[in-house]
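Survey of secondary and tertiary structure
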Amino acid sequence: MTVHIDLSKAGILAESAAVRVTLLPPVARFSLRAATPEQKALSKALGVTLPAKIGQCGRKGDVEILCLGPDEWTIIAPEDQAATITDACAAIYAQTPHSLTEISDREVTVRITGPKASDLITIGCPRDLDQLPTGEARRTVFDGVTTVLWRDGEQDYRLDLWRSFAPHVIALLETGCAELAGE
């Protein structure tokens, strides 16, 4: 049986007294690659300091930048800021070579909140969530699917996943939510 999940409509996907799974609205999302000498100029152009440590996030207003590797970041911003980000990076490209690729349509984000949020995530994620500090994120896997796990609060997470794998991961989260509700 194939379950169809409409990934174009944000909203609650599963809910119990202990946990809620919500599909978040679309955002502008970019992959940024740059060598160390270019990072200061890119930070200035974007108005947010590029974090240097893997897993750390830089934030200013609604713009978040996550360090995924020594020369790799993910930028997330409201959709209406996509052109601003693209233009800021394009304006300095001649002096500051880098790679900026818009990946907005590639991924969706699911928020998992509630007192059993960590329990729900661990059904598919081998990461020790106690070792993920609030305000940071890590690339990880969920049931074999590459994801980025953000920890926004003690029991408040976001899971970025490729759109093509979203139905599989969401179905597992819905099943896990139902199981937690039956405890």
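Coordinates for the structure precede this section.
Residues numbered from 1 in each chain as written. Predicted model: local features only at pLDDT ≥ 70, side-chain atom pairs only at ≥ 80, totals over all residues. Heavy atoms only, no water.

1. Brief notes about helix α4 (residues 166-181)
The following threshold applies: A run of DSSP states H or I qualifies as a helix once it reaches four residues; a run of E qualifies as a strand once it reaches two. Both are numbered from the N-terminal end. Expected helix span is taken as 1.5 Å per residue step, with the number of steps being one fewer than the number of residues. Partly exposed describes any residue whose relative accessible area lies between the buried limit of under 20% and the exposed limit of over 50%, with all areas from a 1.4 Å probe on protein chains only and scaled to the type maximum. The directions considered for the arc are those from the helix axis to the C-beta atoms.
The end-to-end C-alpha distance of α4 is 22 Å, a good match for the 22 Å that 16 residues give at a rise of 1.5 Å each. When α4 is considered as a whole, its buried residues turn out to be Ala166, Val169, Ile170, Leu173, Gly176, Cys177 and Leu180. Take α4 and look down its axis: the buried residues cluster within an arc of 125°, on one side only. Turned more than 90 degrees away from the buried face of α4, the exposed residues are Ala178 and Glu179.

2. A look at the packing of aromatic side chains
Note the following rule: Ring pairs are drawn from Phe, Tyr and Trp, using the six-membered ring of Trp, whenever the two centres fall within 6.5 Å, and their geometry is named by plane angle: stacked under 30 degrees, edge-to-face over 60, tilted for the rest. Note on criteria: charge over ring means Lys NZ or Arg CZ within 6 Å of the ring centre, with the direction from the centre no more than 35 degrees off the ring normal.
Enumeration over the complete set of coordinates arrives at 0 aromatic pairs. Positioned over the ring face of tryptophan 150 is arginine 158, at 4.3 Å from the centre of the ring.

3. As for the environment of alanine 178
By secondary structure assignment, the location of alanine 178 is in helix α4. When the C-alpha atoms of alanine 178 and aspartate 87 are compared, they prove to be 45 Å apart, with 91 residues separating the residues in sequence.

4. A few points about the sheet that holds strand β4 (residues 57-60)
Applied cut-off: Any two strands are treated as partners once DSSP identifies two or more bridges connecting them. Each axis is a line fitted through C-alpha atoms, and for a helix only the stretch in contact is used; angles between axes span 0 to 180 degrees, taken between their N-to-C directions.
In space, the 5 strands of this open sheet follow the order β4-β5-β6-β3-β7, with antiparallel pairing throughout. Two strands close off the open sheet at either side, each with one partner strand: β4 and β7 (99-102). Within this sheet the neighbouring strands show an average axis-to-axis angle of 20°, counted without direction. Both strand β5 (residues 63-69) and strand β6 (residues 72-77) contribute to a ladder of 5 bridges, which runs antiparallel. For glycine 69, the partnering residue across the bridge sits in β6 and is glutamate 72.

The values reported here are purely geometric and, on their own, carry no functional implication.
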